[in-house]
Amino acid sequence: MAEQREAEIGAGSAPGGRKKRKSERPPQSAADASFNQALERHRKGDLERAETLYRAAIQADPTNASAWSNLGVLYRNTDRLEASVAVNRKAVELAPDRAALRNNLANALHDSGRFAAAEPYRRALLIEDPTNPLRLRDLAATLRAIDRHEDVITLVDAAEADGVADEECRLQRGFSNLMLGRYRAGFADFEARFAGGEVTLPKLALPRWTGGPVEGKRVLVTAEQGFGDAVLMARFLPRLKAMGAHVTLFAKRPLRRLFSGLEGVDAVVERVEAGSQFDLFTPNMSLPHLVGMPEDAPPPAPRLTVPEDSRARAAELVAPFRDRFRIGIVWTGSLTYRGNRRRSVTPEHFLGLAAMPGVQLFSLYKGDAHADFLASGAAGAIVDACGADRDFADSAAVAEAMDLMITTDTGIVHVAASLGLPVWNLLSAEGFWLYGRGERTPWYPSMRLFRQARMGEWGELFARVEAAVEAERAARDGAGGGA
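Please read these numbers as outputs of a predicted model, since none were measured by experiment. (Residues numbered from 1 in each chain as written. Predicted model: local features only at pLDDT ≥ 70, side-chain atom pairs only at ≥ 80, totals over all residues. Heavy atoms only, no water.)

Draft legend 1. Main features of the sheet that holds strand β7 (residues 382-384). One open sheet holds the 7 strands; their spatial order is β7-β6-β5-β8-β9-β11-β10, and the pairing between them is mixed. Pairing within the sheet leaves two strands with one partner each, and these edge strands are β7 and β10 (440-441). Taken together, the 3 bridges between strand β6 (residues 359-363) and β7 define a ladder with parallel strand orientation. Looking at β7, one finds that L361 is bridged to I382. Against the sheet, helix α21 (residues 458-478) makes contact with β5 (325-330), β6, β8 (404-408), β9 (423-427) and β11 (444-451), and its axis sits at roughly 170° relative to β9, the strand it touches most. (Pairing = 2+ DSSP bridges. Helix = DSSP H or I, 4+ residues; strand = E, 2+ residues; numbered from the N terminus. Contact = heavy atoms within 4.5 Å. Axes fitted to C-alpha atoms, helices over the stretch in contact; angles between N-to-C directions.)

Draft legend 2. Here's a closer look at the sheet that holds strand β2 (residues 246-250). Ordered by their spatial adjacency, 4 strands build an open sheet running β3-β2-β1-β4, and the pairing between neighbours is parallel. Taken across any chain shown, the strands that pair with only one partner, and hence form the sheet edges, are β3 (267-269) and β4 (280-283). Adjacent strand axes in the sheet meet at a mean angle of 25°, parallel and antiparallel pairs treated alike. As paired strands, strand β1 (residues 218-222) and β2 are joined by 4 bridges and run parallel to one another. Looking at β2, one finds that L220 is bridged to T248.

Draft legend 3. Fine view of the packing of helix α7 (residues 133-145) against helix α8 (residues 149-161). Axis separation between α7 and α8 bottoms out at 8 Å; the angle between their running directions is 165°. One element, α7, and the other, α8, form an angle in the roughly antiparallel class. Two packed elements cross with a definite hand, and for α7 against α8 that hand is left-handed. Packed against α7, whose contacting residues are L136, L139, A140, L143 and R144, the element α8 presents H149, D151, V152, L155, V156 and A159 at the interface. Classifying every residue of the contact of α7 with α8 by side-chain character gives 8 nonpolar, 1 polar and 2 charged. (Parallel < 35°, antiparallel > 145°, perpendicular 65-115°, else oblique. Left-handed = near helix turned anticlockwise from the far one by under 90°. Nonpolar A, V, L, I, M, F, W, Y, C, P; charged D, E, K, R; others polar.)

Draft legend 4. How the structure looks around the nonpolar core. Grouped together as the largest cluster of nonpolar side chains are 96 residues, with contacts concentrated most on L240, F259, F350, I406 and V469. Here this core gets 6 residues from one element, more than from any other, and that element is α21. The contacts of I406, once residues within four sequence positions are left out, are I327, G328, I329, V330, F350, L353, W424, L426, V465 and V469. In this structure, A50, A57, Y75 and A95 belong to the second largest nonpolar core, which totals 24 residues. (Core = buried A, V, L, I, M, F, W, Y, C linked by side-chain atoms within 4.5 Å. Buried < 20%, exposed > 50% of the residue type's maximum accessible area, 1.4 Å probe, protein only.)

Draft legend 5. Focus on α8. Along its 13 residues, α8 runs 18 Å from first to last C-alpha, staying within 8% of the 18 Å computed at 1.5 Å per residue. Those residues of α8 that sit buried are H149, V152, I153, V156 and A159. Relative to the axis of α8, the buried residues are bounded by an arc of 135° and lie together on one face. Away from the buried face of α8 by more than 90 degrees, exposed residues T154 and A161 are located. Looking at the packing, one finds that the buried side of α8 touches α7 and α9 (167-179). One or two steps after α8, the chain reaches G163, where phi turns positive at roughly 80°. (Expected span 1.5 Å × (residues − 1). Arc of directions from axis to C-beta.)

Draft legend 6. Broad picture of the packing of helix α3 (residues 65-77) against helix α4 (residues 81-94). Following both chains from N to C, one finds α3 and α4 inclined at 160°, their axes separated by 8 Å at the closest point. With respect to their mutual orientation, α3 and α4 come out roughly antiparallel. As for the relative orientation of α3 and α4, their crossing is left-handed in sense. Residue-level inspection shows A65, W68, S69, L71, G72, V73, Y75 and R76 of α3 in contact with α4, the latter providing L81, A83, S84, V87, N88, K90, A91 and L94. Of the residues contributing to the contact of α3 with α4, the split by class is 10 nonpolar, 4 polar and 2 charged.

Draft legend 7. Examining the packing of aromatic side chains more closely. Applying the stated criterion across every chain, the model contains 16 aromatic pairs. Here F190 and W433 contribute two aromatic rings whose centre-to-centre distance is 4.9 Å and whose plane-to-plane angle is 45°, an arrangement assigned as tilted. Remark: W433 occurs in the loop between β9 and β10 and F190 occurs in helix α10 (residues 183-190); sequence separation between them is 243 residues. A centroid spacing of 5.1 Å and a plane angle of 85° characterise the contact between F432 and Y435, whose relative ring orientation is edge-to-face. Put simply, the rings of F175, Y183, F187, F190, F236, F432, W433, Y435 and W443 touch in pairs and so form one group of aromatic residues. The ring of Y444 has R235 sitting right over it, with the charged end atom 5.0 Å from the ring centre. In this structure, R448 packs its charged tip against the face of W424, placed 5.2 Å from the ring centre. (Phe/Tyr/Trp six-rings, centres within 6.5 Å; stacked < 30°, edge-to-face > 60°. Lys NZ or Arg CZ within 6 Å of the ring centre and 35° of its normal.)

Draft legend 8. Spotlight on the confidence of the model for the protein chain. Confidence in the prediction for the protein chain averages 89 pLDDT; 92% of positions are at 70 or higher. Every residue in residues 1-6 scores below 50 in pLDDT, and together they form 38 contacts with partners more than four places removed in sequence or on other chains. A low-confidence stretch, residues 12-25 stays under pLDDT 50, and its non-local contacts, those more than four residues away or across chains, total 7 contacts. (pLDDT = per-residue confidence, 0-100.)

Draft legend 9. Looking closely at the pairing of β4. Burial of the side chains of β4 extends over both faces: L280 and T282 are buried on one face and F281 and P283 on the other. Looking at chain direction, β1 and β4 are connected through 4 bridges and run parallel. Within β4, the residue paired with V219 across the bridge is L280.

Right, dumping it as structure tokens:
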């Protein structure tokens, strides 16, 4: 889950902060006209035209700090982060006293991974406006990104005592508690995740279960975020069933066969029909808080169903490579997820592994970027194993046929690790808040975590991965295992 941070788009003010009356305004210059038109286009979402007009306004009047800053906001919103940092610096140079401009620069620095550079701006903005929960939230998010989780908890605790912290601030504290393995406190704060609007509740004519007895109640467990989250949270369903509930799980079609034998579920459905009889519903990611989270370690991963026809299909696919060390890879997750850019790489990042003697790579990716993979040079060295898969059950069978899975943090990671398969999970410097800080995670004993040493630097991480694969293969060969 990514954080929403405000972008402050503004036209500035008259000298002394007083808006001029219409009758007092001088005729518009060409620079003013371009800027005002850019602002209008920007607010209406016409970013291409707004960019052209901002640039024209800056060329006509390079002292217009608002034009520089608004252009920086536009660049940030279109993932041109280096450009966003550069033009926001220009804005702050011109008007260092304007908080909105410094906030926009801090946003750009944070999103580009320059967390240490963003922190002093965040801290100063909070000192200037100490009762503003948005400033508190943003500072907490930046401190989390540089692994200062104890500081986040202390900061939000103090602000909560003063009546400043809102739900989005508590969510930041929740992320930090979860990163530190303080699960009960973390998931309690995680219930605040709906406040920012990034995660929404399903529109059902049902009361939401927020705690209390459910014996004899018909409870619908809904999907909330990605496929991986659904697999992750399935381990809590037996605890809900043990509370006496009749449990119906909503699961999208790609997960249906994989979930067909889940423990603790009375029924799995792909849609909720009008007139369906349920007493309560809960999003799946609220289960740890509602059914009780052990403090020492999570419950074991769910038992997934891999059908025999999927296994037969996978065996036929990998048969020509039976003498190779087989590595399954995935490089990106859902392209619609706002934080996907930070956690993803390209297929070409895996070519060093593909070139190793005795190694064969298999792509387990299926999604909107599949055509890009087939058009890349990487498709000549990496077998397209799952592009035509029917669902996650097929992908799970291919994962079972691998010697090792090496992927970025996507849904197949959760599937493979739930099956107890060896998985190397490649994480950004921030990492996923649930996994913790180390190389291992109690959520998945078979998973090994590889983290970026610095935000955005995948090259060094892949060098470590390649060295680890060499060591893994040497160890297996020494033990007489082979591929």
